[in-house]
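So you can see what is in the structure, the chains are spelled out below.
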Amino acid sequence: MTPPQDSVSAYGSPFAAMLRGALIPLAWTTPVIVVSFWATRHTRGGLAALLGVCVAVIFFWSGLYVMRRVTNENPISVLVGALAVYLGQVIFLGLVIVSLSSANWLDGTAFGLSILAVALVWQVAQIRAFMQLRKPVYDEPAPRPPL
């Protein structure tokens, strides 16, 4: 039996698998992050942690979304796309930090630590999901014609 030629449809999109693999652990850890900051730093800290989680999820989700759109399994386009996405994400995060740096209503410690916690959970889960993908590394040889 030979595998289908389109490995993405047969094995699922790697970006969709990595997104699922990251969102499931994040659904469990988000309440822990927000409640812990709410308990230790009160309402202001809890709301800042919730905002930090939202910013981090948008940050990482947008990277996967754009990578899914710009890559076509060509190694050069994957590398160029990854570098462009990274640059865009750094600009986005820089704009968020600059715009919120003078906000007196925001607990900066809770905001920053919640982003750090989401980043750690997201990266570990995404790498784990990628390593569990069943991506073929070579094509099966074509069957020999009968003699």
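Below is a short write-up of the structure. No experiment lies behind these values; they were computed from the predicted model shown.

Some thoughts on the packing of aromatic side chains
Inspection of every chain in the model, using the stated rule, returns 3 aromatic pairs. Measuring from ring centre to ring centre gives 5.0 Å for Phe-59 and Phe-60, while their planes differ by 85°; the resulting arrangement is edge-to-face. Judged by relative accessible area, which is 13%, Phe-60 ranks as buried. Between the aromatic rings of Phe-60 and Trp-122, the centroid separation amounts to 5.6 Å while the plane-to-plane angle is 20°, which identifies the pairing as stacked. Of this pair, Phe-60 sits in helix α2 (residues 14–70) while Trp-122 is found in helix α4 (residues 108–131), placing the two residues 62 residues apart along the sequence. Across the pair, Trp-122 and Phe-60 agree in class, each one buried. Linked through ring pairs, Phe-59, Phe-60 and Trp-122 together constitute an aromatic cluster.

Quick notes on the packing of α2 against helix α3 (residues 75–100)
Two elements in contact, α2 and α3, have axes separated by 9 Å at closest approach and are oriented at 155°. It follows that α2 is roughly antiparallel to α3 by the angle criterion. Where α2 crosses over α3, the handedness of that crossing is right-handed. In contact with Leu-51, Val-55, Ile-58, Phe-59, Phe-60, Ser-62, Gly-63, Val-66, Met-67 and Val-70 of α2, α3 contributes Ser-77, Val-78, Gly-81, Ala-82, Val-85, Gln-89, Val-90, Phe-92, Leu-93, Val-96 and Leu-100.

A word on the pattern of salt bridges
Applying the stated criterion across every chain yields a total of 1 salt bridge. Residues Arg-41 and Asp-107 are paired through a salt bridge, measuring 2.6 Å at the closest nitrogen-oxygen approach. Placement of the pair is Arg-41 in helix α2 and Asp-107 in the loop between α3 and α4, with a sequence separation of 66 residues. Asp-107 gets classed as buried once you look at its relative accessible area, which sits at 7%.

What to know about unusual backbone geometry
For residues other than glycine, phi is negative in most cases, and the peptide bonds are mostly trans. Positive phi values are uncommon outside glycine, yet His-42 reaches one of about 65°. Structurally, His-42 can be placed in helix α2.

Rules used in this analysis
Residues numbered from 1 in each chain as written. Predicted model: local features only at pLDDT ≥ 70, side-chain atom pairs only at ≥ 80, totals over all residues. Heavy atoms only, no water. Phe/Tyr/Trp six-rings, centres within 6.5 Å; stacked < 30°, edge-to-face > 60°. Buried < 20%, exposed > 50% of the residue type's maximum accessible area, 1.4 Å probe, protein only. Helix = DSSP H or I, 4+ residues; strand = E, 2+ residues; numbered from the N terminus. Axes fitted to C-alpha atoms, helices over the stretch in contact; angles between N-to-C directions. Parallel < 35°, antiparallel > 145°, perpendicular 65-115°, else oblique. Left-handed = near helix turned anticlockwise from the far one by under 90°. Contact = heavy atoms within 4.5 Å. Salt bridge = Lys/Arg side-chain N within 4 Å of Asp/Glu carboxyl O.

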